[in-house]
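Geometric and topological summary
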Amino acid sequence: MSYIQKNKSYKKIILNTENATIKGVGKATAGTGNSEFTYTNFNTITVKENSYLRIDAVSADITTDSVWTFKLDNISYNQTSYYNSDTDGTPTILTRCFNGKSSMMLDNIALVLPPQDINDFKLIILDESGNGIDTAKISLEMCIEEIDNDVPK
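Because the structure is a prediction, the values reported are computed rather than measured.

What counts, and at which threshold
Residues numbered from 1 in each chain as written. Predicted model: local features only at pLDDT ≥ 70, side-chain atom pairs only at ≥ 80, totals over all residues. Heavy atoms only, no water. Helix = DSSP H or I, 4+ residues; strand = E, 2+ residues; numbered from the N terminus. Contact = heavy atoms within 4.5 Å. Areas by Shrake-Rupley, 256 points an atom, 1.4 Å probe, with all protein chains shown as cover. Buried < 20%, exposed > 50% of the residue type's maximum accessible area, 1.4 Å probe, protein only. Polar contact = N/O pair within 3.5 Å; in protein donor to acceptor, adjacent residues only side chain to side chain. Pairing = 2+ DSSP bridges. Axes fitted to C-alpha atoms, helices over the stretch in contact; angles between N-to-C directions.

Within the protein chain, the secondary structure is distributed over zero helices and 11 strands. Walking the protein chain from its N terminus toward its C terminus, one meets helices and strands in the order β-β-β-β-β-β-β-β-β-β-β. In the protein chain, of all internal contacts separated by at least 6 residues, the share reaching a separation of at least 24 is 76%. Working note: accessible area of the protein chain is about 8,800 Å², and carbon and sulfur atoms make up 47% of it.

As structure tokens, then:
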């Protein structure tokens, strides 16, 4: 059976730590740099249907062997389809090592987003020791993609 696939909505978002509106030490160990980056300088992103939020790409000028955890706050997501074993309820969207030898993505997480208007993002970046990113610059590319609920049976 053939069918015509409904056009899906895709939204690309690129967040650069150097362009964050608000930078703060947040949960980072004192003296290790900022760990919380808030972005508010963009047009409202309207999510009209249930959608996936995925990470498409990330780049950083970090050369340590640390494993970095990226969390996304200030966004509604389907909590019944997400579990995080840490004691922090903020969803982890990426865990990655940038040591120059390998830049492997250690997971492929997709958050399920309900319909909403997104006015700001808060990105939290920490290594496994709780350190912030100091003077490093990080660029994160995300995609919001509508979930296809019209799959033929």
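With that settled, consider the side chain of Ser-51. By the secondary structure assignment, Ser-51 is in strand E5 (residues 51-60). For Ser-51, a relative accessible area of 2% translates into the label buried. Within the structure, Ser-51 has its side chain in polar contact with the backbone oxygen of Glu-49 (distance 2.8 Å). When sequence neighbours within four positions are dropped, the list of residues in contact with Ser-51 reads Leu-111, Val-112, Leu-113, Ile-144, Glu-145, Glu-146 and Ile-147.

In this section: the sheet that holds strand E11 (residues 138-146). The strand order across the open sheet built from four strands is E1-E11-E5-E8, with neighbouring strands paired in antiparallel fashion. The sheet is open, and its two borders are formed by strand E1 (10-16) and strand E8 (110-113), each paired with just one other strand. For this sheet, the mean inter-axis angle between neighbouring strands, taken without regard to orientation, is 25°. One ladder, built from four bridges, connects E5 with E8; its direction is antiparallel. Following the sheet pairing, Ser-51 is matched in E8 by Leu-113.

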